[in-house]
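The chain contents come next:
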Amino acid sequence: MPVAKVAVSAATYWLDKLYDYNIPENLNDAVKIGVRVLISFGRGAKRCEGIVLGIENSSAYPKLKDIKAVVDVEPVLERELLSLAVWMHNRYFCTVYEAAKAMLPSGMWVGKDGSTRTKDLLQEYVALDMNAEEANRLLPDLRKKAKAQAELLSVLLETGDVSVTELLHFTGCAKASLVGLKEKGIVYFYKQHVLRKQHVLKENRKPIPAMTQEQETIFKKLKQDSCCGGHISLLHGVTGSGKTVLYLHLIQWMLEKGKSSIVLVPEIALTQPMLKAFISYFGEQVAILHSRLSTGERYDEWKRVKNGSAKIILGTRSAVFAPAQNLGLLIIDEEQEESYISQNSPRYNSHEIAQYRSAKNKALLLLGTATPNVSSMYKAQIGRYSYYNLPNRYNKRELPKVNIVDMKEELKKGNGSDFSTLLRSELEKNIRKGEQSILFLNRRGTNKLVTCEACGFVYECPRCSVALTYHSNEQRLICHRCGYSRPIQGACPDCGGILHFVGAGTQKVVEELNEMFPDTEVLRMDTDTVRKAGSHEAIINRFVEEKVPILVGTQMVTKGFNFGNVTLVGVLSADQSLYAGDYRAGERTFSLLTQVIGRSGRGNLTGRAIVQTYHPDNEIIKLSAEQNYAEFYQMEIALRKIQNAPPFTLLLSITVSGENERQVISCVNYVKKYLNLRLKNQNSTQILGPIPLFVVKVNNRFRYRVNISCEAEQGQSVRSLMAEVILKCYSLKEFRNLSIYGENNPLE
């Protein structure tokens with residue numbers, strides 16, 4: 001009897017392997033590599049789902065359970081993605097099934113009863129059940145006896161097959177009349193799969209914009225790179241340099257060769273503007289994949305990609321798994337963004353997945369950005385990536401002129417507001433001239449914390465080790481980590497003293513702007529305002545079409561948008577991300593500031609920017625104001641070498657979390673001792689910690705970590721050792737109820 005090798009959903013990480021199951025005779029034809037099956041697992045014969053990764057003629061085990069049922073008619077994952085799932089298991093400390101599940105749209109996940117959340121949407125159609133001449137002969141008699149039926153038949157003769165809903169809407173007739181035609185044998189009903197698409201091309205296709213000489217030169221070189229098989233190229237272009245134009249021409253070239261392209265963007269907010277542009281150039285060949293789609297929409301888009309009708313896939317992080325047919329190009333736009341790294345299991349990095357798929361498909365991987373990731377630039381410098389530079393804005397537009405404002409001087413002058421005198425003055429000018437402004441502050445809510453002036457009491461989250469943020473719209477204090485909220489009191493709950501509101505957020509900034517400019521409309525774009533589906537697009541559309549004077553936002557307004565009428569950008573707190581206690585803090589700050597400054601002056605008018613800071617002499621702030629990436633990179637790479645940080649080493653970690661802090665600390669100490677013992681002869685490997693995470697408690701779980709720094713060549717062996725110690729911890733009773741996981745280059 002043939003045997004299926006199955007990755008089982010109920011298998012935890014410490015039990016994960018491929019399990020053998022008999023293929024019953026009645027399922028011989030249905031069980032294929034890549035289909036999902038229903039099986040029983042464990043001593044309790046728990047019914048669960050699995051995915052078939054291989055089929056063999058026999059098994060080394062004498063007693064095997066049978067596969068109960070097959071979920072899919074055809075494989076949901078091809079062999080390339082199945083091998084990727086196994087690779088992810090070894091690299092990201094997840095189960096094979098978890099990796100495979102991450103590749104499928106959520107609507108396809110199987111429930112306990114074996115059904116999926118979403119199925120094909122079927123629409124009822126009506127068609128003639130006789131030839132047109134015969135039907136025409138019946139019309140005169142129908143007009144005398146059944147006028148509604150005659151009207152329906154007349155329209156059917158003109159249009160041919162049509163949906164029942166549309167036919168009844170167009171004619172105004174009742175369905176009973178249509179059923180009457182069916183009973184007379186004149187028409188018949190059938191059902192057809194229709195797409196739940198949220199994007200429809202309403203305009204004629206446009207030609208792709210022409211390239212400049214500079215872009216044309218790079219385009220020719222990128223075409224050569226694509227012929228090398230699995231090549232990686234870094235495209236470094238200042239904000240507004242026309243990187244998207246190059247993307248479009250490359251995609252068009254791939255289409256001409258019959259190849260598909262995947263384009264990743266870092267934020268959902270960026271997908272809609274880019275989607276509209278892509279559809280205007282490529283029409284129905286574009287599919288979109290991101291988490292804001294309904295489960296049905298995402299399922300339909302995924303199916304369009306899988307069957308090859310969509311050859312251009314645009315989406316956020318998880319779109320890297322799209323089942324593209326004949327993949328020729330992968331583009332990661334704003335490649336430096338950390339949103340490309342998943343913070344939930346499997347904790348994958350889209351860059352690494354894209355590199356894997358690029359190598360397997362012999363496809364070109366293009367990394368595009370105005371501020372390259374330091375590690376990417378280093379690889380370009382040592383020749384692992386090709387490097388191309390667009391140093392000028394498209395059509396030779398000038399970069400914004402930047403003023404750095406010392407907020408300490410503002411305080412000395414008696415200005416304690418969040419707006420410097422210069423920024424307020426420039427906002428007034430823009431309002432008068434009908435030009436638009438963007439204000440960036442990477443903190444939502446009204447105030448960062450609420451404290452008592454008398455006793456120092458601070459409202460803190462009872463479940464997390466962070467202060468609660470005050471949101472004036474809701475009149476509540478909210479934890480941005482776990483979502484806990486509570487109403488605010490009128491006085492200090494400890495001593496009855498006066499409450500002091502510290503640190504402005506986007507809500508507070510909008511309130512201040514409304515006071516300063518009462519007749520001027522202000523839009524806000526942050527996590528609080530874009531929760532509903534379509535809210536991103538609604539805010540951006542209003543800003544563009546109605547030319548609303550001011551847009552206030554968090555980092556979702558800093559990248560990707562091309563607002564022609566924006567001539568002023570204000571950065572309210574440039575210091576905020578500088579001192580995060582992470583070796584990437586400087587890189588994050590430089591990238592954020594450079595990107596947001598680049599939103600200004602992208603149209604025909606010259607742009608300007610005002611950066612407010614308490615540290616005007618900080619080199620990172622000065623270099624970002626100058627848009628001087630080259631000097632920033634030289635400074636940062638030298639610092640990384642001194643720190644022995646990536647890209648000169650690999651940084652791996654094992655994190656332990658649990659409700660009992662003492663138990664968590666005991667476990668991380670065990671992990672460190674185990675690693676030290678096994679790595680004592682490897683001088684190039686360092687075990688760092690254990691240390692608490694920056695926010696040690698989240699949702700009543702304490703979090704501690706051990707970091708491992710090693711050379712790239714040791715990565716595979718160190719990961720194997722990490723998997724070994726994680727499995728060992730899970731096997732020990734004293735560490736029961738703890739969550740233990742490994743990560744590559746952890747973000748937090």
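Everything below is about the structure shown above.
Asks: Can you walk me through the sheet that holds strand β1 (residues 3-8) in this structure?
Replies: Sheets are built from strands paired through backbone hydrogen bonds, the pairs being either parallel or antiparallel. Taken in spatial order, the five strands of this open sheet run β2-β1-β4-β3-β5, and their pairing is antiparallel. The two strands at the open ends of the sheet, each matched to only one other strand, are β2 (18-22) and β5 (69-70). In terms of strand pairing, β1 meets β2 through five bridges, oriented antiparallel. Bridge pairing links V6 to Y19 in β2.

Asks: I keep staring at the state of the cysteines and nothing clicks. Help me out?
Replies: As used in these notes, a disulfide is a covalent bond between sulfur atoms, one from each of two cysteines. Evaluated as defined, the whole model comprises zero disulfides. The thiol sulfur of C464 is not disulfide-bonded, and the nearest other cysteine sulfur, from C482, lies at 3.6 Å. Its relative accessible area of 3% is what places C464 among the buried residues.

Asks: Help me understand the environment of E460, please; the structure alone is not making it clear to me.
Replies: Here E460 shows up in the loop between β18 (447-452) and β19 (469-471). In this structure E460 comes out as exposed when scored by relative accessible area, which is 56%. For the pair E460 and Q336, spaced 124 residues apart in sequence, the C-alpha to C-alpha distance is 33 Å. In contact with E460, not counting residues within four places along its chain, are V466, A467 and L468.

Asks: Got a minute to help me understand the packing of aromatic side chains in this structure?
Replies: We describe a pair of aromatic rings using the distance from one ring centre to the other and the angle between the two ring planes. Applying the stated criterion across every chain, the model contains 18 aromatic pairs. Centre to centre, the rings of F457 and Y459 are 5.0 Å apart; their planes meet at 80 degrees, and the pair counts as edge-to-face. Since its relative accessible area comes to 19%, F457 is described here as buried. Each member of the aromatic cluster is reached from another via a ring pair, and the members are F590, Y629, F632 and Y633. In this structure, R347 packs its charged tip against the face of Y741, placed 3.6 Å from the ring centre.

Asks: Is there a simple way to think about unusual backbone geometry in this case?
Replies: A negative phi holds for most residues other than glycine; trans holds for most peptide bonds. Backbone torsion omega between S345 and P346 reads 0 degrees, so that peptide bond is classified as cis. For the bond from G689 to P690, the omega torsion is 5 degrees, close enough to zero to count as cis. Relative to the elements of secondary structure, P690 occurs in strand β28 (residues 686-698). Positive phi is not limited to glycine here, since K547 has a value of about 50 degrees. Examined against the element boundaries, K547 turns out to sit in the loop between α16 (535-545) and β24 (550-553).

About the criteria used
- Residues numbered from 1 in each chain as written.
- Predicted model: local features only at pLDDT ≥ 70, side-chain atom pairs only at ≥ 80, totals over all residues.
- Heavy atoms only, no water.
- Pairing = 2+ DSSP bridges.
- Helix = DSSP H or I, 4+ residues; strand = E, 2+ residues; numbered from the N terminus.
- Disulfide = S-S within 2.5 Å.
- Buried < 20%, exposed > 50% of the residue type's maximum accessible area, 1.4 Å probe, protein only.
- Contact = heavy atoms within 4.5 Å.
- Phe/Tyr/Trp six-rings, centres within 6.5 Å; stacked < 30°, edge-to-face > 60°.
- Lys NZ or Arg CZ within 6 Å of the ring centre and 35° of its normal.

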